[in-house]
Amino acid sequence: MKYWKIHQNIFFTKGFNRTLVFDSLKSKIQFIPNDLYSILLEKNFIISEEDIDEDYFEFLKENSLIFTDRKKILKRFTKLSDDFSINYDIGICVIELSELTSENLVKLIENENKYTSINQFNFIFGSYTTQSSILKFIDFIYKYEVDLIELTFIDGFTEIDFLFSSLNDINRMFVINNFLDEKIKLKDTKYSNRMHSYVDIKSLKIYTSLFSFFESNLVNIYFYNKIFIDKESNIKNSDKTSYVYSSLKELNQIDFKKIIKDKEFTKYWHSKKNDTLICKDCEFRNLCSDNRVPHLNSKNVWTHSQECEYNPYISKWNDEEGYLSLHDSGITILNDDINICSEKLNKINETLWD
């Protein structure tokens, strides 16, 4: 008998309605029925054609999710290690680039060896960003070694041409997040041929990274190892959190090791989606970089006051045809627990998907 095995780079997340299939090599997402995932799990991801429906088998084969060999050989493949780490105290630092923050950027680098404890920077350019602050930003990125920097443009930023002309001589990779109403048109710069993709809610929340997939089982991938410095130089975990650790302008030098020991600052770092109401039923939970601030309910379970843009009980985003809110699809929170009106929800899913 011929046997087939799921590739080692393929990972699954079972949701309420369907199972997400994550191809970590291609950074690709697909979906399969929960009953197919249950069979694969039961068979330890080694199957014969007789084990599953013919259509299911063809789907797995056509999408290169399975390969064949002798069963004895297929059993020898080991699982991919989920033990990942980065050699930095802070994974990402988000900074609103203003006159005040630009004047204090040097405090993010250790004076003696020009080393920074930050893995990645994301600079936000808005109405508060001046040409003077841009020049200080340019001087800062000259002073430390990093391959990639994120640049985020929001409403009110008008110095795009000046920024890119100032960046011309800097040999770095830049990821550009454009939230301006119009596409960026650049003149007299080597960056003039850049493409700026439209940013929507799905691309912002769903992060197809193997590191994030593994990390999400332990932490909240949006809040974990992150600091946010607003235009007034206040140091927070994110722009949505209220606790202010200190002000960058008031510190002689920022001590990251001290920050990550502050329990209030790291309050949300371990609010993982598997332990959060609604999110724990979502097939996207291992790839979700959700900026909603959670809170603990009376049962010491994480939950959100604001509803997500995705409803996992009907498998619809709020910009898709047929979308309904949780309440309208029969989902309520009673006594700090999820209550599902199965009759109502089943009728809705039958209408949407049958």
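My aim in this report is to walk through the structure given alongside it, one point at a time.

**Brief notes about the side chain of Ser 24**
1) Next: Counting through the fold element by element, Ser 24 comes out in the loop between strand S3 (18-23) and strand S4 (28-33).
2) Next: Reaching out from Ser 24, the side chain makes a polar contact with the backbone oxygen of Asn 9 at a distance of 2.9 Å.
3) Next: Excluding anything up to four places from it in sequence, Ser 24 contacts Asn 9, Phe 11 and Leu 210.

**Considerations on the pairing of strand S9 (residues 148-153)**
1) Next: Across the six residues of S9, five count as buried, placing the element largely inside the fold.
2) Next: Two strands pair when backbone bridges link them, and strand S8 (residues 118-125) and S9 are joined in this way by five bridges, in the parallel orientation. Note on S9: the bridge partner recorded for Phe 121 is Ile 149.
3) Next: Bridge count between S9 and strand S10 (residues 173-178): six bridges; the pairing is parallel. From the neighbouring strand, Leu 148 faces S10, where its bridge partner is Met 173.
4) Next: In this region the chain leaves S9, passes through helix H6 (residues 160-166) and returns to the parallel neighbour S10; the handedness of that crossover is right-handed.

**Comments concerning the pairing of strand S2 (residues 10-14)**
Within a regular strand, the side chains alternate between the two sheet faces.
1) Next: Most of S2 sits out of view: four of its five residues are buried.
2) Next: Strand direction decides the pairing type here: S2 and S3, joined by five bridges, are antiparallel. Counted as the bridge partner of Ile 10 is Asp 23 from S3.
3) Next: The hairpin turn running from S2 into S3, its antiparallel successor, is three residues long.

**Brief notes about unusual backbone geometry**
1) Next: In the Ramachandran plot, Ser 64 falls in the positive-phi region, its phi being about 55° despite a non-glycine side chain.
2) Next: One can find Ser 64 in the loop between helix H2 (54-62) and strand S6 (66-69).
3) Next: For Ser 64, a relative accessible area of 39% gives the class partly exposed.
4) Next: If you check the backbone angles, Ile 278 has positive phi at about 70° while not being a glycine.
5) Next: Relative to the assigned elements, Ile 278 resides in the loop between helix H9 (256-259) and strand S14 (295-296).

**A word on a negative patch on the surface**
1) Next: Together, Asp 35, Glu 49, Glu 50, Asp 53, Glu 54, Asp 55, Glu 58 and Glu 62 give the surface a local cluster of negative charge.
2) Next: Broken down by element, the negative patch gets its largest block of residues, four residues, from H2.
3) Next: Assignment of secondary structure puts Glu 62 in helix H2.

**Concerning the pattern of salt bridges**
1) Next: One pass over the full model with this rule turns up 12 salt bridges.
2) Next: The salt bridge involving Glu 283 is made with Arg 18; its shortest N-O contact spans 2.7 Å. Within this pair, whereas Glu 283 is found in the loop between H9 and S14, its partner Arg 18 is found in strand S3, the two being separated by 265 residues in sequence.
3) Next: Here Lys 205 makes a salt bridge to Asp 290, at a shortest N to O gap of 3.2 Å. Of the two residues, Lys 205 sits in helix H7 (residues 201-205) while Asp 290 sits in the loop between H9 and S14, which places them 85 residues apart along the sequence. With respect to class, Lys 205 is no different from Asp 290; both count as buried.

**Details of helix H1 (residues 34-42)**
Structural remark: α-helix, 3.6 residues per turn; residues separated by three or four positions point the same way.
1) Next: Taken together, the buried positions of H1 are occupied by Asn 34, Leu 36, Tyr 37 and Leu 40. Each buried residue of H1 sits inside an arc of 155° when the element is viewed along its axis, so together they form one side.
2) Next: If you follow the buried residues of H1, they end up packed against strand S1 (3-6), S2, S3, S4, strand S5 (46-47) and H2.

**As for the sheet that holds S4**
1) Next: Strand order across the open sheet formed by three strands is S2-S3-S4, with antiparallel pairing between neighbours. Strand pairing shows two members of the sheet lacking a second neighbour, S2 and S4, which therefore form its edges. Shown here is a sheet whose adjacent strand axes are inclined to one another by a mean of 25°, direction ignored.
2) Next: Where H1 meets the sheet, it contacts S2, S3 and S4, and its direction lies at approximately 95° from that of S4.

**Concerning the packing of aromatic side chains**
1) Next: According to the stated counting rule, one finds 29 aromatic pairs in the structure shown.
2) Next: Considering the side-chain rings of Trp 4 and Phe 57, the 5.3 Å spacing of their centres and the 85° angle between planes classify their relative orientation as edge-to-face. One end of the pair, Trp 4, is in strand S1; the other, Phe 57, is in helix H2, with 53 residues separating them in the sequence. With respect to burial, Trp 4 and Phe 57 carry one shared label: buried.

Thresholds, definitions, all that
Residues numbered from 1 in each chain as written. Predicted model: local features only at pLDDT ≥ 70, side-chain atom pairs only at ≥ 80, totals over all residues. Heavy atoms only, no water. Helix = DSSP H or I, 4+ residues; strand = E, 2+ residues; numbered from the N terminus. Polar contact = N/O pair within 3.5 Å; in protein donor to acceptor, adjacent residues only side chain to side chain. Contact = heavy atoms within 4.5 Å. Buried < 20%, exposed > 50% of the residue type's maximum accessible area, 1.4 Å probe, protein only. Pairing = 2+ DSSP bridges. Right-handed = clockwise from strand over helix to strand, strands pointing away. Patch = residues over 30% accessible without salt bridge, like charges linked within 9 Å, V, L, I, M, F, W, Y side chains within 5 Å. Areas by Shrake-Rupley, 256 points an atom, 1.4 Å probe, with all protein chains shown as cover. Salt bridge = Lys/Arg side-chain N within 4 Å of Asp/Glu carboxyl O. Lys, Arg positive; Asp, Glu negative; His and termini not counted. Charge placed at Lys NZ, Arg CZ, Asp CG, Glu CD. Arc of directions from axis to C-beta. Axes fitted to C-alpha atoms, helices over the stretch in contact; angles between N-to-C directions. Phe/Tyr/Trp six-rings, centres within 6.5 Å; stacked < 30°, edge-to-face > 60°.

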